Amino acid sequence: MKAIVQDSYGPPDVLHLRDIDQPAVNDEEVLVQVRAAGVDPGVWIFMTGRPYLARLAAGPRRPRAPVRGRDLAGVVVAVGARVTRFRPGDEVFGTCPRGSYAEFASAPERRLARKPANLSFAQAAAAPVSGMTALRAVRDSGAVRPGQRVLVIGASGGVGSHAVQIAKAYGATVTAVCAPARAAFVRGLGADDTLDYTSEEVDSRGPIYDVVIDTGGDRPVSLLRRALTPHGTLALVGGTYTKGPVLSGYDRQMFRAPLLSLFVGQRLRSVSAVERTRDLSELGTLIESGALTPAVDRTYPLAQAADAIRHLRHGHPAGKVVVTV
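Residues numbered from 1 in each chain as written. Predicted model: local features only at pLDDT ≥ 70, side-chain atom pairs only at ≥ 80, totals over all residues. Heavy atoms only, no water.

**Quick word on the packing of aromatic side chains**
Each aromatic ring pair is summarised here by two numbers: the centre-to-centre distance and the angle between the ring planes.
Thinking step 1. Scanning the entire structure with this criterion turns up 0 aromatic pairs.
Thinking step 2. If you follow lysine 115 out to its NZ or CZ, it ends over the ring of phenylalanine 121, 5.0 Å from the centre.
Thinking step 3. Above the face of the tryptophan 44 ring, arginine 313 is positioned so that its terminal group lies 5.5 Å from the ring centre. (Phe/Tyr/Trp six-rings, centres within 6.5 Å; stacked < 30°, edge-to-face > 60°. Lys NZ or Arg CZ within 6 Å of the ring centre and 35° of its normal.)

**Re the pattern of salt bridges**
Thinking step 1. One pass over the structure, following the stated rule, counts 24 salt bridges.
Thinking step 2. Among the salt bridges present, the one from arginine 82 reaches glutamate 28, with a minimum N-O distance of 3.7 Å. Of this pair, arginine 82 sits in the loop between β4 (71–79) and β5 (91–95) while glutamate 28 sits in the loop between β2 (16–19) and β3 (29–39), placing them 54 residues apart in sequence.
Thinking step 3. Residue arginine 82 is classed as exposed on the basis of its relative accessible area, which comes to 55%.
Thinking step 4. In this structure glutamate 28 comes out as partly exposed when scored by relative accessible area, which is 47%. (Salt bridge = Lys/Arg side-chain N within 4 Å of Asp/Glu carboxyl O. Helix = DSSP H or I, 4+ residues; strand = E, 2+ residues; numbered from the N terminus. Buried < 20%, exposed > 50% of the residue type's maximum accessible area, 1.4 Å probe, protein only.)

**Notes on the sheet that holds strand β12 (residues 228–236)**
Think of a sheet as strands paired side by side through backbone hydrogen bonds, with each pair either parallel or antiparallel.
Thinking step 1. Taken in spatial order, the 6 strands make up an open sheet running β10-β9-β8-β11-β12-β13, and their pairing is parallel. The open sheet terminates on both sides in strands that have one partner only, identified here as β10 (193–196) and β13 (267–270). Here the average twist between neighbouring strands, direction ignored, is 20 degrees.
Thinking step 2. Pairing of β12 with β13 involves 4 bridges; the strand directions are parallel. Counted as the bridge partner of threonine 233 is arginine 267 from β13. (Pairing = 2+ DSSP bridges. Axes fitted to C-alpha atoms, helices over the stretch in contact; angles between N-to-C directions.)

Given below as structure tokens:
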């Protein structure tokens, strides 16, 4: 089968389209013929091996899993002996720990769910990583409730575009932080108001937000707190991955925010990276109800996966970038 493979860490030039063996499946895994695979910041991180902290999971000198990609949507072609939820022919979406930029990918049964019938494969591939992250930011870390005021920073990105819609589904009034060119896009997602970060800082309107969801910027925690009510909640997603080789901005949620939270009235929370079947199923429910529609900025064929990753990093996409197979 054809797959996007890398032998060393580095820029997108380290990625190559190659013929490799089709993955085997164990008793609890599913073999999926991939139709589409999402591009998220984690792909850039594991491709470059920066921040270096990521290499604890990915491999100290070279990637343990040479195929890139985590999000996927496709059709089941084979199942392991203990798999009970799927059979060949089922359309599924979810995540793949051993790489999804390939014609076939194997994934644990628990990382997959049935693809919502009202989505294309490209839309479904845009949902798992970014959607589950947004869901945990809104539901778990943010504990968003009806009637609350929520500020989503990075609202036009992969996680942000999901977070705006999920917060609205949870009954919040949502202000979306974005560039002027993305204002119409985020309003189309359901945002009640927009804040133009090129002319207005996020604390400019005072401490009015019950929940602030920061989807990967590098603003100081002190600045973000000034936008929160005295007992509001800050949910931190990701980092800039450009500030230093070791933690690269992730020290905000790993150390500084949790420590400060012990001494202030506001809740300063990191968003967990755990992927769970129930979260994927809840995403599917929101999608099927019409409350959530994954936004796809553009698609690239498998052979141009490196260009897709470059666009994610430098193109400021509206929604998610997707690789089609």
